[in-house]
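So you can see what is in the structure, the chains are spelled out below.
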Amino acid sequence: MENSKLNEEDIRFVARFYDPLKMDTSEAWKKLKLASVTEIKYHSVLYRIASVVAVLIIVIGCISVYLYTNHDKQDWIIVTTDGEHSLVYVLPDSSTVYLAKEAILKYNKGDYDVRSRNVELSGKAFFEVCHKEESPFIVKTSIAGVQVLGTCFQVRADLDTTSIFVDSGKVRFYNKKYPDVILEAGEGAYAVKDGNIKKDTNVDVNILSWKTNIFCFRDTPLPIVIKKLEEVYGVHIINIPQKDYHLTSSFHDISVSEIINLINEALDIHLKIEL
Amino acid sequence: MELTVKEFEHFYRCLYRPLGMYVLRYTENIDDAEDIVQEAFANVWDKVSSGEVISDFKSYMYRVVRNRALSFLQSSPYELSEEMIQNDNSDEVEEEQIYIAERDARLWTAIDKLPAQRRKIFLLAKRDGLTYAEIAEELNLSVKTIEHQISKALKCLRDKAVKIYTFFFG
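Here the structure is a predicted model, which is why all the values come from computation and not from measurement. (Residues numbered from 1 in each chain as written. Chains lettered and ligands numbered in written order. Predicted model: local features only at pLDDT ≥ 70, side-chain atom pairs only at ≥ 80, totals over all residues. Heavy atoms only, no water.)

**Here's the deal with the overall build of chain A**
In terms of helices and strands, chain A carries five helices and 20 strands. Taking all 275 residues of chain A together, the buried fraction comes to 37%. A fraction of 42% describes how many contacts in chain A between residues 6 or more apart in sequence connect residues 24 or more apart. Accessible surface, chain A as shown: approximately 16500 Å² in total, 53% of it carbon and sulfur. (Helix = DSSP H or I, 4+ residues; strand = E, 2+ residues; numbered from the N terminus. Buried < 20%, exposed > 50% of the residue type's maximum accessible area, 1.4 Å probe, protein only. Contact = heavy atoms within 4.5 Å. Areas by Shrake-Rupley, 256 points an atom, 1.4 Å probe, with all protein chains shown as cover.)

If you want it as structure tokens, here you go:
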């Protein structure tokens, strides 16, 4: 089946089409990657044309022919990021959304901020909403909804759970069937499909680290520290000692390798980032 | 996502050129071949991003590009040879054809790596069909030199095209 002999014909075929500028795999990959961080706009303009034509000509008052069009503009915007990076997106009302990697945000530009500001989310994102009394900001996920007036909070919409953490302000967190919950700054909650909404009694102090790059550890067991760093920076850490170490330290916006160095110094261990 | 971006990139880099060479057999046009392969990957990327799981990624890609190549040919004034229509009946792309595509891809890469002058001479002979005498005159070199360059090029290509190891193309 496999001819290990390369004959003239085979060589000529490839040579015939050979072009040093074509078939550049790296270039092609870059183009494909670029296409995945896009803002896809859907336009669908619905026209309703009604025309009435008078059959009978009535002496007193004629029925005239009129044509009117009714535009109902739908202008859906979908914002997503590729698997590696987070994205900052500014909505038309200046509210800011920080999308974590692989999150997807959807909203209809046509009626955004008309009577309310509605967005749909899957994945994880942090919102900074501009205060607007007359136009409530609503985030809808497959499982729950969040209504706010103006505040900063994080929503994480997975397949079967939507969780929320409030950084400042107040939100109303609700589900189709169950009574809704008002959450304040520092509080978190989660909603499961067809389940109750439960307040999070043990909110992870570092729940926003992916966005803020600020970590706060207080007598935290080393395995948990490592897990958090791996999760936020997408690295794999090795040389973890068996002994029971705890870390009390906070890190503000420094690189993961610096953090590892500092931890190694503090605990006299030899953690390494696997390349 | 079942497939991470890194894993997808790995598949992409390994399959891009072989798939291109495979489609080239149908389209006989390099730009069309690249377009078809790129569109296929974009389409599969969307599927994977929305949670679809693909087992045996490589076979899947070959089937996808074969179908795209065939519909491309059908919608343009090209003639489908009897061979091509026959091959379409089986669902799987035959091992033999995949082997040939991979070998052609290694050949392409090997041509990339030839030193500039040698590659030029090689292409004048194998692509443009010039005789050694004509090439010698064109480049102001002796026929012996041309012979030597061609034989070195062929040896290098044969070595590289036939070896069975995987490496990233391009």
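**Examining the interface of chain B and chain A**
Every contact between the two is made by 43 residues of chain B and, on the other side, 29 residues of chain A. Each partner contributes to the roughly 3800 Å² buried at the junction of chain B and chain A, and carbon and sulfur atoms together form 65% of this total. Broken down residue by residue, the surface that chain B buries against chain A is led by Trp-45, Trp-108 and Lys-126 of chain B, which jointly contribute 16%. One can count four salt bridges joining chain B with chain A. Between Arg-103 of chain B and Asp-10 of chain A there is a salt bridge, with the nearest N and O atoms lying 3.3 Å from each other. Linking chain B to chain A there are 14 residue pairs in polar contact (both at pLDDT 80 or more). Secondary structure elements with two or more residues in the side of chain B that touches chain A: α1 (5–27), α2 (30–49), α5 (95–113), α6 (116–126) and α8 (143–162) of chain B. Considering only residue class, the side of chain B that touches chain A consists of 22 nonpolar, four polar and 17 charged. (Buried area = accessible area lost by both parts, 1.4 Å probe. Salt bridge = Lys/Arg side-chain N within 4 Å of Asp/Glu carboxyl O. Polar contact = N/O pair within 3.5 Å; in protein donor to acceptor, adjacent residues only side chain to side chain. Nonpolar A, V, L, I, M, F, W, Y, C, P; charged D, E, K, R; others polar.)

**A few points about the confidence of the model for chain B**
With 85% of its residues at a pLDDT of 70 or more, chain B has an overall mean of 85. As scored by the predictor, the complex reaches a pTM of 0.45 and an ipTM of 0.85. (pLDDT = per-residue confidence, 0-100.)

**With respect to the confidence of the model for chain A**
Predicted confidence across chain A gives a mean pLDDT of 79, with 83% of residues reaching 70 or more. Contacts from residues 38–72 of chain A, a stretch scored under 50 in pLDDT, to residues over four places away or in other chains number 44 contacts.

**As for the packing of aromatic side chains**
For any pair of aromatic rings, the description consists of the separation of the ring centres together with the inter-plane angle of the planes. Residues and elements named next belong to chain A. Applying the stated criterion to the full structure yields 21 aromatic pairs over all chains. Between the aromatic rings of Phe-13 and Phe-17, the centroid separation amounts to 5.3 Å while the plane-to-plane angle is 65°, which identifies the pairing as edge-to-face. With Phe-13 and Phe-17 both in helix α1 (residues 8–17) and four residues apart, this pair spans about one turn of that helix. The exposure class assigned to Phe-13 is buried, which follows from its relative accessible area of 10%. Phe-17 sits in the buried class, given a relative accessible area of 11%. (Phe/Tyr/Trp six-rings, centres within 6.5 Å; stacked < 30°, edge-to-face > 60°.)

**Focus on the packing of α1 of chain B against helix α3 (residues 57–74) of chain B**
Geometry of a packed helix pair, given as the angle between the helix axes and the separation of the axes. Residue and element names in this part refer to chain B. For the pair α1 and α3, interaxial distance at closest approach is 10 Å and the crossing angle is 35°. Relative to α3, the crossing made by α1 is right-handed. On the side of α1, the interface is formed by Phe-8, Phe-11, Leu-15, Pro-18, Leu-19, Tyr-22, Val-23, Tyr-26 and Thr-27, while α3 contributes Phe-57, Lys-58, Met-61, Tyr-62, Val-65, Arg-66, Ala-69, Leu-70, Phe-72 and Leu-73. In the contact of α1 with α3, the residues fall into 16 nonpolar, one polar and two charged. (Axes fitted to C-alpha atoms, helices over the stretch in contact; angles between N-to-C directions. Left-handed = near helix turned anticlockwise from the far one by under 90°.)

**Thoughts on the nonpolar core**
Nonpolar side chains tend to gather and get buried jointly when the protein is soluble and globular. Phe-8, Phe-41, Phe-57 and Phe-122 of chain B are the most contacted members of the largest nonpolar core, which totals 65 residues. With 11 residues, α1 of chain B is the single largest residue contributor to this core. Residues in contact with Phe-122 of chain B, not counting those within four places in the same chain, are Ile-11 and Ala-15 of chain A together with Ile-111, Leu-114, Arg-127, Ile-150, Ala-153, Leu-154 and Leu-157 of chain B. Residues Leu-105, Phe-127, Val-171 and Ala-189 of chain A belong to the second largest nonpolar core, which totals 32 residues. (Core = buried A, V, L, I, M, F, W, Y, C linked by side-chain atoms within 4.5 Å.)

**Points about the pairing of strand β11 (residues 152–157) of chain A**
Residues and elements named next belong to chain A. The buried fraction of β11 is high, at five of six residues. Where strand β8 (residues 117–128) meets β11, six bridges bridge the pair, whose relative direction is antiparallel. Following the sheet pairing, Phe-127 is matched in β11 by Phe-153. In this structure, β11 lies alongside strand β12 (residues 161–168), joined through six bridges in antiparallel fashion. Its bridge partner lying in β12, Cys-152 is registered against Ser-168. Hairpin connection from β11 to β12: three residues lie between these consecutive antiparallel strands. (Pairing = 2+ DSSP bridges.)

**Observations concerning the pattern of salt bridges**
Here the structure, examined in full by the defined rule, presents 25 salt bridges over all chains. Residue Asp-104 of chain B pairs with Arg-103 of chain B through a salt bridge whose shortest N-O separation is 3.4 Å. Residue Asp-104 of chain B shares its accessibility class with Arg-103 of chain B, and that shared class is buried. Salt bridges here are not isolated pairs; linked through shared partners, they connect Asp-10 of chain A together with Arg-25, Arg-103 and Asp-104 of chain B.

**Some words on the side chain of Thr-162 of chain A**
Residue and element names in this part refer to chain A. Along the chain, Thr-162 falls in strand β12. When its relative accessible area of 0% is taken as the criterion, Thr-162 is described as buried. Here Thr-141 takes part through its side chain, which lies 2.8 Å from a polar atom of the side chain of Thr-162. With residues up to four places along the chain from it excluded, the contact list for Thr-162 reads Thr-141, Ile-143, Ala-144, Val-155, Arg-156, Ala-157, Phe-173, Ala-189, Tyr-190 and Ala-191.

**Focus on unusual backbone geometry**
Even without being a glycine, Asp-219 of chain A presents a positive backbone phi close to 55°. In this structure, Asp-219 of chain A sits in strand β17 (residues 214–221).

**Thoughts on the pairing of strand β9 (residues 137–140) of chain A**
All names here are of chain A. Of the strand pairs in this sheet, β8 and β9 are connected by four bridges, and their pairing is parallel. Bridge assignment links Glu-120 to a residue of β9, and that residue is Lys-140. Where β9 and strand β10 (residues 144–148) come together, four bridges link them in antiparallel fashion. Considered in β10, the bridge of Phe-137 is made with Val-148. Between β9 and the antiparallel strand that follows it, β10, lie three residues.

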